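# Understanding the architecture of this molecule
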Amino acid sequence: MTSLAERQAALVAALTAGAAVPPGFDGRLVEAARVALLRKRAGEVARQWPELAAAFGRDWPRRWSAWAAARPTQGSLRDGWDLARDLRAGGELPAAAGAELATREALMAYEPGSAPRPRRAPAVRRAAGSVVVQFAGRVRVLRRPDAGPRR
Amino acid sequence: MTTAHGVGIGWRPEIAGFVAQLPGLGFAEVVAESVHAHGELPPGLAELRERGVAVVPHGVKLSLGGAEPVDPARVTHLAAVAERLAAPLVSEHIAFVRAGGVEAGHLLPIPRSREAVDAVVANVRRAQAELTVPIALEPIAALFDWPDDELDEGAFLTEILERTDALLLLDVANVYANARNRGTEATALLDRLPLERIAYVHVAGGAEHEGIYHDTHTDAVPQPVLDLVTALCERHRPPALMLERDGDYPAAAELRRELDAIAAASGYPTVT
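Quick caveat, the model's predicted, so the values are computed rather than measured.

Cut-off values and rules
- Residues numbered from 1 in each chain as written.
- Chains lettered and ligands numbered in written order.
- Predicted model: local features only at pLDDT ≥ 70, side-chain atom pairs only at ≥ 80, totals over all residues.
- Helix = DSSP H or I, 4+ residues; strand = E, 2+ residues; numbered from the N terminus.
- Rg over C-alpha atoms; globule rule 2.2 N^0.38 Å.
- Buried ≥ 20, exposed ≤ 12 C-beta atoms within 10 Å, placed from the backbone.
- Pairing = 2+ DSSP bridges.
- Axes fitted to C-alpha atoms, helices over the stretch in contact; angles between N-to-C directions.
- Contact = placed C-beta atoms within 7 Å.
- Core = buried A, V, L, I, M, F, W, Y, C linked by C-beta atoms within 7 Å.
- Right-handed = clockwise from strand over helix to strand, strands pointing away.
- pLDDT = per-residue confidence, 0-100.
- Nonpolar A, V, L, I, M, F, W, Y, C, P; charged D, E, K, R; others polar.

When helices and strands are tallied, chain B shows nine helices and twelve strands. A compact globule built from 272 residues should have a C-alpha radius of gyration of about 19 Å, and chain B, at 17 Å, falls within 12% of that. By its C-alpha atoms, chain B is 50 × 40 × 35 Å across when sized along the principal axes. Taken across its 272 residues, chain B has 50% of its residues classed as buried.

Residue and element names in this part refer to chain A. Pairing is antiparallel across the open sheet formed by three strands, whose spatial order is β3-β4-β5. Bordering the open sheet on either side are β3 (123-127) and β5 (138-143), each of which pairs with just one other strand. Within this sheet the neighbouring strands show an average axis-to-axis angle of 25°, counted without direction. One ladder, built from five bridges, connects strand β4 (residues 130-135) with β5; its direction is antiparallel. Opposite V131, over in β5, you have R143 as the bridge partner. Where helix α6 (residues 98-107) meets the sheet, its contacts fall on β3, β4 and β5, and the angle it forms with β4 comes to roughly 25°.

Considering soluble globular proteins, one finds that nonpolar side chains tend to be buried as a cluster. In terms of nonpolar packing, the biggest core is built from 122 residues, with A28(B), V55(B), L137(B), L168(B), V172(B) and V203(B) touching the most fellow members. Apart from residues no more than four positions distant in its own chain, L137(B) is found in contact with E92(B), I94(B), V124(B), I160(B), L161(B), A166(B), L168(B) and L169(B).

Turning our eyes to something else, we now look at the pairing of strand β3 (residues 54-58) of chain B. Residues and elements named next belong to chain B. Most of β3 sits inside the fold, with five of its five residues counted as buried. In this structure, strand β2 (residues 27-31) lies alongside β3, joined through five bridges in parallel fashion. Bridge assignment links A28 to a residue of β3, and that residue is V55. Between β2 and its parallel partner β3, the chain crosses via helix α2 (residues 45-50), and the hand of that crossover is right-handed.

Here the focus is the confidence of the model for chain B. Here chain B averages 95 in pLDDT, and 99% of its residues register 70 or above. For this predicted complex, the interface score ipTM comes out at 0.93, alongside a pTM of 0.92.

This part takes up the interface of chain A and chain B. Quoted interface sizes are often the accessible area lost when the parts come together. Facing 24 residues of chain A, the contacting portion of chain B comprises 22 residues. When contributions to the side of chain A that touches chain B are tallied by element, the ones reaching two or more residues are α1 (4-16) and α2 (27-48) of chain A. Of the residues assigned to the side of chain A that touches chain B, the class counts are 15 nonpolar, six polar and three charged.

Looking at the element boundaries, I135(B) is found in strand β7 (residues 135-139). Beyond its immediate chain neighbours, meaning those up to four positions away, I135(B) contacts L89(B), V90(B), S91(B), E92(B), V124(B), A127(B), Q128(B), A166(B) and L167(B).

Encoded structure:
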């Protein structure tokens, strides 16, 4: 008999990292919980990254879930940030989501694996055609390819 | 809560303006992790305190049901927020949210086993050692059960509450969801719980997907949940009940209607 700690870890791995459902659980119900958890995370990340989610429209929950299914949460700020960076690296970040990512990156330094922290120095950041400059904690979008309304 | 606060609401930044305009509001709940322990309170929350509205910090990330000891820094934060708000009590869940250093991102059920009861009791006592106010424990809505349950839900919850002397935060929507998904009678659980320990009650909405009822907090409160409020109050009317809504916020008129429905179902005055 394995310990409660090990069994809880195995269950979390099944729900967040694509691991097999531990023996004895109802696979259909654990799967329903896994899907519900991804849906809840999709909403939380959309609140932190509204332009990223809006750029995908009705396809957002599916795109989010495909990316997040094997990635346990680091909090919705970092989750959305990691996804946006992955999309940018693959040339798939929508233009409408570029200013949001560039703004975050101009304001905060974020090394994967540790929490984002405010930048002290001025910064210029680019993403998907947008250019954002930050000076003394204030940002200005210098260029935004999307013709949509500015926030 | 020792005094009857009647009908309240879960305070969220998105509905701060609505909550601020509820003339009869006696209490509200705030997610403890969203409040800075020593910095400025979120806009709107300080005004509620100045009005004399009791505000209860509701923790969602302590992981009291984790096999590992609760994180002392998280307990310290919860205790500091309670003092910051001069809260009459705090609340948390009988659940775990992380294991092996991985965040689940949600409240997960623990086995109804002796080993798990011992683990949650030890963690509640660790928290109580630092808190200066009582803690109320909330049983969760679980979409699945563990294969090694030894106790039924009534015995499991009663033992945890008696051994910790904690209060009960009863979520009638969770009771409804669990009973509906397990095919049991919701009122049967009410008859097994120490209702005199209830500090306050959560009322929330949900929706069915593919034959399973999900406690979403983003849908309207269904009539059977309001009926369960009435069934609870017939047995023992709790000192306070509140609407818990966490997203897809409807228009103010709809929120007012839901608050009025909770007042009607419980017999407390309307707060709208």
